[in-house]
Amino acid sequence: QMSNSSSITKFLLLAFADTRELQLLHFGLFLAIYLAALLANGLIITTIACDHRLHTPMYFFLLNLSLLDLGSISTTVPKAMANSLWDTRAISYAGCAAQVFLFVFLMSAEYFILTVMAYDRYVAICKPLHYGTLLGSRACVHMAAAAWGTGFLYAVLQTANTFSLPLCQDNAVDQFFCEIPQILKLACSDAYLREVGVLVVGFCLAVGCFVFIVLSYGQIFRAVLRIPSEQGRHKAFSTCLPHLAVVFLFISTAMIAYLKPPSLSFPSVDLAVALLYSVVPPALNPLIYSMRSHEIKDAL
C-alpha cells in the first residue's frame, strides 16, 4: 500500500505477454503498425508541403491531421515496443505524466481538427461561392491554431488534475500506456469526484464537436442528394462516409474508455478499446483521408 503519490517514482505498464516469443511478436506487430503510420503520415506531410497545387484549406488541415497523428502514435507505441523488447514494464513518474499530457493534447487537437475539416467540407459543398472568403488563408491558420491551443489548454488542465490526486493503490497501470482512467483507478476513492468535473468539461467539448460534425455532414448529404449525376453523388459519399466512420470510431471508443465506471473494467476490453482510439486512427487516417484523393496520388 502506498499512502501518497510522492512516494511513487515509477509506474508499471501492462505487460502484453509473459513469454519471450509473444513479447517479440507484440514488438513486431507494433513496429509494423508504427512504421506504416510514420511512412504514410510522413509522405502526406512532405507531399502537401512540397506541392504548391496542394496549398488549399482542405490539404492544410490534412497536413495538421497527419502531424497530430504522427505525434499521438509516437507518444504511446514506442514506449510499449521498448518495454516488450527489453522485457520490462516500468515507466518513470515524469514519463507517465508526459505521456498523459502529450496524448491528451494531441488527441484533443486532432478531434478539433476533424471538426474543422467537417466545416471545410460543408462550406466547399454547400456554399461553394463563399469558400474563398470563409476559408481564406488567415481564417485557416486561426482555426488550426485554435484547435492546437484548445487541445493544449485542456491537456494542461487534465494532466495537472490527474497527477495532483493522491494515489492510494499500488503503481500498476492496467494499460500499455499511461491512460487517465487507469491512473484514476489508483487514486484514493474520495479524490475521484474532482476528476469527474474535468472529464465532464471534456465530455461537453466532445459532444459539442460531434453534434457539429454530424450536422455538417447532414447538410452535406442533403446537398449531395440534389446532385443530378450518379457519379457526382458517389464521389461525395465515398469521401464523406469514411470521415464519419473514423470520427465515430474515435469518439465512441474514447467515451467508453473515459466515461465508464471503474467497476466495469475488464483488462482485455480496456486494451481493445485503447487500441481502437489510440493506435487505429493514426494508422488509418492517411488511407481514409488522403490516399483516396487523386490530387495527392498525382503529387506523390
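Residues numbered from 1 in each chain as written. Predicted model: local features only at pLDDT ≥ 70, side-chain atom pairs only at ≥ 80, totals over all residues. Heavy atoms only, no water.

Draft legend 1. Summary view of the overall build of the protein chain. For the protein chain, the count of helices and strands is 11 helices and two strands. When the helices and strands of the protein chain are placed in sequence order, the string is β-α-α-β-α-α-α-α-α-α-α-α-α. Against the compact-globule benchmark of 19 Å for 300 residues, the protein chain has a radius of gyration of 21 Å, which places it among compact chains. Each of the three principal axes of the protein chain carries a C-alpha extent, and together these read 65 × 40 × 30 Å. Residue burial in the protein chain is summarised as follows: out of 300 residues, 46% are buried. Once local pairs closer than 6 in sequence are excluded, the contacts in the protein chain between residues at least 24 apart make up 78%. Of the side-chain charges in the protein chain, 17 are positive and 16 negative, and the distance between the mean point of each set is 10 Å. (Helix = DSSP H or I, 4+ residues; strand = E, 2+ residues; numbered from the N terminus. Rg over C-alpha atoms; globule rule 2.2 N^0.38 Å. Buried < 20%, exposed > 50% of the residue type's maximum accessible area, 1.4 Å probe, protein only. Contact = heavy atoms within 4.5 Å. Lys, Arg positive; Asp, Glu negative; His and termini not counted. Charge placed at Lys NZ, Arg CZ, Asp CG, Glu CD.)

Draft legend 2. How the structure looks around the state of the cysteines. Counting across every chain of the model gives one disulfide. The thiol of Cys50 is unpaired, and the distance to the nearest cysteine sulfur, on Cys140, comes to 20 Å. Residue classification places Cys50 among the exposed residues on the basis of a relative accessible area of 58%. (Disulfide = S-S within 2.5 Å.)

Draft legend 3. The arrangement of helix H8 (residues 230-259) in detail. Its 30 residues place the ends of H8 42 Å apart at the C-alpha level, agreeing with the 44 Å of an ideal helix rising 1.5 Å per residue. Where H8 is concerned, the buried positions are Ala236, Cys240, Pro242, His243, Val246, Val247, Phe250, Ile251, Thr253, Ala254, Ala257 and Tyr258. (Expected span 1.5 Å × (residues − 1).)

Draft legend 4. The arrangement of the packing of helix H2 (residues 57-85) against helix H3 (residues 93-126) in detail. In contact at an axis separation of 9 Å, H2 and H3 are set at 155° when each is read in the N-to-C sense. Taken as axis vectors, H2 and H3 run roughly antiparallel relative to one another. Viewed along their axes, H2 and H3 form a crossing whose handedness is left-handed. Its residues placed into classes, the contact of H2 with H3 shows 15 nonpolar, six polar and five charged. (Axes fitted to C-alpha atoms, helices over the stretch in contact; angles between N-to-C directions. Parallel < 35°, antiparallel > 145°, perpendicular 65-115°, else oblique. Left-handed = near helix turned anticlockwise from the far one by under 90°. Nonpolar A, V, L, I, M, F, W, Y, C, P; charged D, E, K, R; others polar.)

Draft legend 5. Inspection of the packing of aromatic side chains at higher detail. Going through the model one piece at a time under the given rule, you end up with 15 aromatic pairs. Measuring from centroid to centroid gives 5.5 Å for Phe30 and Phe176, while their planes differ by 70°, and the two rings are edge-to-face. Of the two residues, Phe30 is situated in helix H1 (residues 20-50) and Phe176 in the loop between helix H5 (137-163) and helix H6 (180-184); the sequence distance between them amounts to 146 residues. Exposure class is identical for Phe30 and Phe176. Each is buried. (Phe/Tyr/Trp six-rings, centres within 6.5 Å; stacked < 30°, edge-to-face > 60°.)

Draft legend 6. Region of interest: the packing of H3 against H5. Orientation of H3 relative to H5, taken along the N-to-C sense of each, is 145°, at an axis distance of 8 Å. Every pair of crossing elements has a handedness; the one defined by H3 and H5 is right-handed. When the residues that make up the contact of H3 with H5 are grouped by side-chain class, the tally is 22 nonpolar, five polar and no charged.

Geometry only, nothing functional implied.
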